[in-house]
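# Structural overview for review
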Protein chains: 2
Amino acid sequence: MKKFLSNISIQVNPHSYLKDPESSPLGKRIIAGSIELIEEIGFENFTFQKLAKTIKSTEASVYRYFESKHKLLQYLTIWYWGWLEYHFIFKTANIDSPEEKLKRAIILLTKPIDEDHSFAHINEVKLQNIIISESPKVFLTKEVDQENKAGVYTGYKMLVGRVSDIILEINPNYKYPHMLVSTIIEGAHNQRFFADHLPGLTDIVKGEDAVTEFYKAMVFHAIKD
Amino acid sequence: MKKFLSNISIQVNPHSYLKDPESSPLGKRIIAGSIELIEEIGFENFTFQKLAKTIKSTEASVYRYFESKHKLLQYLTIWYWGWLEYHFIFKTANIDSPEEKLKRAIILLTKPIDEDHSFAHINEVKLQNIIISESPKVFLTKEVDQENKAGVYTGYKMLVGRVSDIILEINPNYKYPHMLVSTIIEGAHNQRFFADHLPGLTDIVKGEDAVTEFYKAMVFHAIKD
DNA sequence: CATATATGATAGTTTTACTATTATTTTTGT
DNA sequence: ACAAAAATAATAGTAAAACTATCATATATG
């Protein structure tokens, strides 16, 4: 899957930035550098000073793009939801069977990504690691309601809504489609984290992608009458 | 359910504290005060200086009990897992049917708690709100592996292990019991948070505890052959 | 009642998060 | 090609947070 998105870009809610990082080379270096650095040292240890040093710029310049490191992480997660939604549309296009569409959606939402380099300055694999380890910190704050009003979570809700719609195509009487979808998205992140760091909280089955298998079976059982 | 634990206390891994807060009145004020304050202002805005002020002590005194606010939050979550495990044992004691035990376990893990005051200095309802909004921040750090080695997550794993054992009693061939249990624990927290702040990510059904109903149905469907 | 221990009062250090100012470089319109 | 505008760099500074240290005082204990 190479460069198939060469002329499109993921729209990110401007609430998360002061100046669009897509609009300049420095902005792109900030994004690329922050993905590298957050993945490497973790969000708590990440500072704009360290970022400036790695991308050979200055703290003040970074602050012209992002008001805080929290907003930068927010930007990255919004971008990721947009990226997921794009792939979702791509992967379910022209498929008639809702069961097959749902299966593909679950794979997208639970499998580690291997594709790369659709966007020159974004390392999707590292970004996904950041999403797994850091993304709950974006919404688990006292500012979540304001941010929600500002539209920060629209992309996430759209994605959940799209997958929910497929579930309702399969079973129009199923009562909890959104719950099921957000459970598998957040759950898959947790399970990947547990597999790496707290294996006692998960089940690792050799020669099998247990996370995807587990959620696939779970979803199809849950929505059956 | 009143004071039925008058002579027992929840053991917390000493890795999380410098001096046992259960061992002194000041220690108990630190715990009580931090539960109030973290619930009110959120973990990011919480500082030892603010805590000291609310409990009428000093920053330096708080630091004699906890090395950092991260360790304090860790202490609270370890205590909560111990509390849950105790309740789990209590609620499943003398029940023969594994289905009934599992049902009770799911209720315990997914329902908001209403009982109170079993432990004088701990407000369990507020503590649960903290667990919902802040507990992933305990393990989602670069220090998780060291902490795990130090036994910080033993209580969580024990709890997950106990519920998994019931699942295996019902279906010895089920491959993912730990995954299923940790999915419902973390999932229920997320869904409660979403219901309050990001309702587009969940399904609120009036006159019904949708979270508990959803996970009960999900689990029993998942473990069926 | 002497001694040890816990807490309080106070002050200090380092780091982070962020703002302000001016100089220099790069971009853009004509 | 060049002047004006915009972006970035260089530098410095402030406020608060996250600790650490010291000494005085209170409380508990043997």
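To start, this report covers the structure provided alongside it. (Residues numbered from 1 in each chain as written. Chains lettered and ligands numbered in written order. Predicted model: local features only at pLDDT ≥ 70, side-chain atom pairs only at ≥ 80, totals over all residues. Heavy atoms only, no water.)

## Notes on the relation of the copies chain B and chain A
Here the two chain copies are tied together by a rotation about an axis and a shift along that axis. When chain B is fitted to chain A, the best match, at an RMSD of 0.0 Å, comes from turning it 180° and sliding it 0.0 Å along the axis. Accordingly, the operation relating the two chain copies is best matched by a two-fold axis. For chain B, the smallest separation between a C-alpha atom and the rotation axis is recorded for His221(B), amounting to 2.8 Å. Of the residues that chain B buries at the interface, 100% are likewise interface residues in chain A, meaning the two copies contact each other through the same surface. (Least-squares fit on C-alpha atoms with pLDDT ≥ 70 in both. Contact = heavy atoms within 4.5 Å.)

## Some remarks on the packing of aromatic side chains
Residues and elements named next belong to chain A. A complete count under the given rule lists 30 aromatic pairs over all chains for this structure. Ring geometry for Tyr86 and Phe90: centres 6.0 Å apart, planes at 25°, overall stacked. Here the residue Tyr86 and the residue Phe90 both occupy positions in helix α4 (residues 69–92), the gap between them amounting to four residues, near one helical turn. Assessed through its relative accessible area of 24%, Tyr86 is described here as partly exposed. Taken together through their ring pairs, the aromatic side chains of Phe43, Phe46, Phe48 and Tyr63 make up a single cluster. A cation over an aromatic ring shows up here: Lys69 above the ring of Phe43, its NZ or CZ 4.8 Å from the ring centre. (Phe/Tyr/Trp six-rings, centres within 6.5 Å; stacked < 30°, edge-to-face > 60°. Helix = DSSP H or I, 4+ residues; strand = E, 2+ residues; numbered from the N terminus. Buried < 20%, exposed > 50% of the residue type's maximum accessible area, 1.4 Å probe, protein only. Lys NZ or Arg CZ within 6 Å of the ring centre and 35° of its normal.)

## Quick look at the protein's contact with DNA strand C
In the region of DNA strand C, 17 residues are neighbours, and Glu59(A), Tyr63(A), Ser57(B), Arg64(B) and Tyr65(B) sit closest. Here the atoms of DNA strand C within 4 Å of the protein split so that 58% fall in sugar or phosphate, with bases taking the remainder. Between Glu59(A) and DNA strand C, the recorded distance is 3.1 Å, taken from a side-chain N or O atom to a base nitrogen. The separation between a phosphate oxygen of DNA strand C and a polar side-chain atom of Ser57(B) is 2.5 Å. Listing elements by their share of the surface near DNA strand C, those giving two or more residues are α3 (59–65) of chain A together with α3 (59–63) of chain B. Here the surface near DNA strand C takes three residues from α3(A), the largest share from any one element. Looking at side-chain class alone, the surface near DNA strand C contains five nonpolar, six polar and six charged residues. (Near = heavy atom within 4 Å. Polar contact = N/O pair within 3.5 Å; in protein donor to acceptor, adjacent residues only side chain to side chain. Nonpolar A, V, L, I, M, F, W, Y, C, P; charged D, E, K, R; others polar.)

## As for unusual backbone geometry
Note on backbone geometry: most residues besides glycine have negative phi, and most peptide bonds are trans. For Lys56(A), which is not glycine, the phi torsion reads 55° and is therefore positive. Relative to the assigned elements, Lys56(A) resides in the loop between α2 (48–54) and α3. Here Lys56(A) falls in the exposed class, since its relative accessible area comes to 73%. Positive phi values are uncommon outside glycine, yet Asn94(B) reaches one of about 65°. Position of Asn94(B) among the secondary structure elements: in the loop between α4 (69–92) and α5 (98–110).

## Quick notes on the interface of chain B and chain A
Much of the literature gives interface size as the accessible area that the parts lose upon coming together. Opposite the 56 residues of chain B that make contact, chain A presents 56 residues. Counting the surface lost from both chain B and chain A, the interface buries some 4,400 Å², and carbon and sulfur atoms represent 65% of this. Across the chain B-chain A interface, the total number found is two salt bridges. Of the charged contacts in the structure, one is a salt bridge between Lys175(A) and Glu208(B), with a shortest N-O distance of 3.0 Å. Applying the counting rule to chain B against chain A returns 26 residue pairs in polar contact (both at pLDDT 80 or more). For the side of chain B that touches chain A, the elements supplying multiple residues, two or more each, are α1 (25–41), α6 (124–134), α7 (136–139), α8 (144–149), α9 (154–170), α10 (177–197) and α11 (210–223) of chain B. No other element matches α10(B), which puts 13 residues into the side of chain B that touches chain A. Residue composition of the side of chain B that touches chain A, grouped by class: 26 nonpolar, 14 polar and 16 charged. (Buried area = accessible area lost by both parts, 1.4 Å probe. Salt bridge = Lys/Arg side-chain N within 4 Å of Asp/Glu carboxyl O.)

## Describing the protein's contact with DNA strand D
Neighbouring DNA strand D are 18 residues; Ser57(A), Ser61(A), Tyr65(A), Glu59(B) and Tyr63(B) lie closest to it. At 3.4 Å from a phosphate oxygen of DNA strand D is found a side-chain nitrogen or oxygen belonging to Lys19(A). Note that a base nitrogen of DNA strand D is positioned 3.2 Å from one of the side-chain N or O atoms of Glu59(B). Put simply, the parts of the chain that give the surface near DNA strand D at least two residues each are α3 of chain A together with α3 of chain B. At four residues, the largest contribution of residues to the surface near DNA strand D is made by α3(A).

## Remarks on the packing of α4(B) against α5(B)
Relative orientation and spacing of two packed helices are given, respectively, by the angle between their axes and the distance between those axes. Residue and element names in this part refer to chain B. The geometry of α4 relative to α5 is characterised by a closest axis approach of 10 Å and an angle of 150° between their N-to-C directions. Classified by the angle their axes make, α4 and α5 are roughly antiparallel. The two elements α4 and α5 cross, and the hand of that crossing is right-handed. Taking contact as the criterion, the partners of Leu84, His87, Phe88, Lys91 and Thr92 in α4 are, on α5, Lys101, Arg104, Ala105, Leu108 and Leu109. Of the residues belonging to the contact of α4 with α5, the class tally is five nonpolar, two polar and three charged. (Axes fitted to C-alpha atoms, helices over the stretch in contact; angles between N-to-C directions. Parallel < 35°, antiparallel > 145°, perpendicular 65-115°, else oblique. Left-handed = near helix turned anticlockwise from the far one by under 90°.)

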